[in-house]
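# Understanding the architecture of this molecule
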Amino acid sequence: MKWINHILIAGSIAAVISPSLVAPAIAGATAPDWMESLLKAVGRPVKHRTTTHVFTHWLIAGIATSFLWDFHGIFAAFCWGGFSHILTDAMTVSGVPFSPYSDRRFHLFGGRFRTGEPVEYAISAIVVMISITLNAMIGDSFAPYFYDWSGLYAEGMIDASEWKANRFKLM
């Protein structure tokens, strides 16, 4: 999958859980790819979707950081973001390595599409829409860019002229 889709999927899921975990989840969602670049920079060239894309490593890291003490869940969000990267890459034709001790590759849903195909963007859109729906159902009104101008006016936080100037603005 493309980075934009990894970012959308991990970020939208993390936003439902806790908005403060969006940044570490996004960093984790892109980690398997930028870790390859780091390994290449230090002189250890690796092929794409090999060492940094091992399914069991990211799953164990996610479980371990979920049960160990973690400052506000930052490391857990990072690891689960990386795991989301592995799951979405597993949907592609090339898949991901299941374990470092096996030459078998893991394919989710049979690995039916190639990176960059329209179905990749459709999957991302579906996950984002589900996340928005869940966020609305939970009732957590986290929307930092969409101000409730009438609510601010009713609470006395803004005056009538500011409300009139901004009432039809979305952002």
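The structure displayed is predicted, hence computed values, not measured ones.

What counts and what doesn't
- Residues numbered from 1 in each chain as written.
- Predicted model: local features only at pLDDT ≥ 70, side-chain atom pairs only at ≥ 80, totals over all residues.
- Heavy atoms only, no water.
- Helix = DSSP H or I, 4+ residues; strand = E, 2+ residues; numbered from the N terminus.
- Contact = heavy atoms within 4.5 Å.
- Salt bridge = Lys/Arg side-chain N within 4 Å of Asp/Glu carboxyl O.
- Buried < 20%, exposed > 50% of the residue type's maximum accessible area, 1.4 Å probe, protein only.
- Core = buried A, V, L, I, M, F, W, Y, C linked by side-chain atoms within 4.5 Å.

### Section: the side chain of E36
Among the structural elements, E36 can be located in helix α2 (residues 22-41). Apart from residues lying up to four places away in sequence, E36 is in contact with V46, K47, H48, R49, T50, T52 and H53.

### Examining the pattern of salt bridges
Applying the stated criterion across every chain yields a total of 1 salt bridge. When the shortest N-O distance is used, the salt bridge between R49 and D89 registers 3.3 Å. With a gap of 40 residues between them, R49 in the loop between α2 and α3 (55-67) and D89 in helix α4 (residues 74-90) connect regions that are remote in the sequence. Taken as a pair, R49 and D89 share a single burial class, namely buried.

### A few points about the nonpolar core
A31, F55, W58, F83, I86, A90, V96 and F106 form the largest nonpolar core, which has 8 residues in total. When residues of this core are traced back to their parent elements, those giving at least two are α3 and α4. Top element by residues in this core is α4. It accounts for 3 residues. In this structure, I86 is in contact with P32, T52, H53, F55, W58 and V96, ignoring residues within four places of it in sequence. Core analysis: the next-biggest nonpolar cluster, separate from the first, contains 5 residues, M1, M91, F113 and I123 among them.

### A short note on unusual backbone geometry
Peptide bonds are, in most cases, trans, and in most cases residues other than glycine have a negative phi. Backbone geometry places R49, a non-glycine residue, at a positive phi of 60 degrees. Positive phi, normally seen in glycine, also occurs at H72, with a value near 60 degrees. Summarising the element assignment, H72 is placed in the loop between α3 and α4. In this structure H72 comes out as exposed when scored by relative accessible area, which is 60%.

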